[in-house]
Amino acid sequence: GKLDEAIASYQRAIQLDPNYAFAHNNLGNALYNQGKLDEAIASYQRAIQLDPNYAFAHNNLGNALYNQGKLDEAIASYQRAIQLDPNYAFAHNGLGNALSAQGNLTEAIASYQRAIQLDPNFAIAHVGLSNVLSAQGNLTEAIASYQRAIQLDPNVASRHNNLSNALSDQGKLAEAIAFFQRAIQLDPNFAAAHYSLGIALRAQGKLAEEIASFQRALQLNPNFTAAQNNLREAERLLATP
C-alpha cells in the first residue's frame, strides 16, 4: 500500500544520501505506522545520531518506545525533545502518557496541562488529562476535560463512553445513559459501551433493558467476563418473583 511506497521512497533517498536525517526520521514514521517498532526505533536513532538536536526524531522515538512499554526510555526521549523545543505540545502530551502509564499522575497532569496551554485545541491531550483526573477521583474536572475533547471532535465513541463513566460515578445516570447511547451510535460494535450502559440501566432499575445491553456486549465479545456475571445476576433477579 501507500506505506510500502513511502518506505521504498525514503530508502531510495537514504541510498542517495545516507546522512539525510530527515529521511531516516520519515522512514521511521512509515515503519511505526506499519507496527514495525524495532525497525522504526533503529531509524529514529540513526536520525538522532546524524542530528542530535532533531526534536521531532526524539519525540517519535519516545512514541515507539512508549508503545513497546519501555517507559523510562520513552520519558527520556520526550524530555530531550522538550529540552530542544520547550513549546513542542506533542512531546508534552507523549510525556504525559508515559508518566500516566508509570502511575506518576501528578506529573502526568502537569504535562497534559502544558500541552493544552501550548495548543488549546489539542483534543488528545484533553482526553489524557481527563483519564488521569478520573483515575484520581477528580470527576468534576475530568468531566469538563472530556466535554472539551468531545467539543473538539464529537465523533470519537471512546470519549463519549469515558464521559459517561465519569457521569455515572457522579450518580448522573440520565446524562450518562445519553452519552453511552451516543457512543454506541458512533460505534455500534463498542462492547464496553453496551456493558457500561447496562450497569447504568441497572442503577435505574430498568432490568429488561439492562439484560439486552449485557447480551449485546457478549454478542460482540463472548469472553467479556464482567458482562457474563452481570447478565447472570440480572436474569436471576428477573426470574425472582
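It should be noted that the structure appears before, not after, this text.
Residues numbered from 1 in each chain as written. Predicted model: local features only at pLDDT ≥ 70, side-chain atom pairs only at ≥ 80, totals over all residues. Heavy atoms only, no water.

**Re the packing of helix α10 (residues 157–169) against helix α11 (residues 173–186)**
Inference 1: At a minimum axis separation of 8 Å, α10 and α11 run at an interaxial angle of 165 degrees. With respect to their mutual orientation, α10 and α11 come out roughly antiparallel. Crossing of α10 against α11: the hand is left-handed. Facing α10, whose interface residues are Ala157, His160, Asn161, Leu163, Ser164, Asn165, Leu167 and Ser168, α11 presents Leu173, Glu175, Ala176, Phe179, Phe180, Arg182, Ala183 and Leu186.
Inference 2: Of the residues in the contact of α10 with α11, the class split is 9 nonpolar, 5 polar and 2 charged. (Axes fitted to C-alpha atoms, helices over the stretch in contact; angles between N-to-C directions. Helix = DSSP H or I, 4+ residues; strand = E, 2+ residues; numbered from the N terminus. Parallel < 35°, antiparallel > 145°, perpendicular 65-115°, else oblique. Left-handed = near helix turned anticlockwise from the far one by under 90°. Contact = heavy atoms within 4.5 Å. Nonpolar A, V, L, I, M, F, W, Y, C, P; charged D, E, K, R; others polar.)

**Regarding helix α4 (residues 55–67)**
Inference 1: Helix length check: α4, at 13 residues, gives a terminal C-alpha distance of 19 Å against a target of 18 Å (1.5 Å per residue), a fit within 8%.
Inference 2: In this fold, the buried residues of α4 make contact with α2 (21–33), α3 (37–50), α5 (71–84) and α6 (89–101).
Inference 3: Note on α4: the residue one or two positions beyond its end, Gly69, has a positive phi of about 80 degrees. (Expected span 1.5 Å × (residues − 1).)

**Re the packing of α3 against α4**
Two quantities define a packed helix pair, namely the angle between the helix axes and the distance between the axes.
Inference 1: Where α3 meets α4, the axes come as close as 9 Å, and the angle between the chain directions of the two elements is 155 degrees. As far as their axial angle goes, α4 and α3 are roughly antiparallel. Of the two possible hands of crossing, α3 and α4 adopt the one that is left-handed. For the pair formed by α3 and α4, the contact residues are Leu37, Ile41, Tyr44, Gln45, Ala47 and Ile48 on the first element and Ala57, His58, Asn60, Leu61, Ala64, Leu65 and Asn67 on the second.
Inference 2: Of the residues in the contact of α3 with α4, the class split is 9 nonpolar, 4 polar and no charged.

**Notes on the nonpolar core**
Side chains of a nonpolar character, in soluble globular proteins, are inclined to be buried together.
Inference 1: By size, the foremost hydrophobic cluster in this structure holds 61 residues, and its most contacted members are Leu61, Leu95, Leu129, Leu163 and Leu197.
Inference 2: With residues up to four places along the chain from it excluded, the contact list for Leu61 reads Ile41, Tyr44, Gln45, Ile48 and Ser77. (Core = buried A, V, L, I, M, F, W, Y, C linked by side-chain atoms within 4.5 Å. Buried < 20%, exposed > 50% of the residue type's maximum accessible area, 1.4 Å probe, protein only.)

**Thoughts on the side chain of Ser145**
Inference 1: Note on placement: Ser145 falls in helix α9 (residues 139–152).
Inference 2: Those residues in contact with Ser145 that sit more than four places away from it in its chain are His126, Leu129, Ser130 and Leu133.

**A word on the side chain of His92**
Inference 1: Topologically, His92 is positioned in helix α6.
Inference 2: If we skip the residues at most four places from it in the chain, His92 touches Ile82, Pro86, Ser111, Arg114, Ala115 and Leu118.

**Observations regarding α3**
Inference 1: An ideal rise of 1.5 Å per residue puts 20 Å on 14 residues; α3 measures up with 20 Å between its terminal C-alpha atoms.
Inference 2: Those residues of α3 that fall on the buried side of the exposure criterion are Leu37, Ala40, Ile41, Ser43, Tyr44, Ala47 and Ile48. For α3, the angular spread of buried residues about the axis comes to 165 degrees, placing them on one side. Looking at α3, the residues exposed on the side facing more than 90 degrees away from the buried face are Asp38 and Gln49.
Inference 3: Where the residues of α3 are buried, they touch α2 and α4. (Arc of directions from axis to C-beta.)

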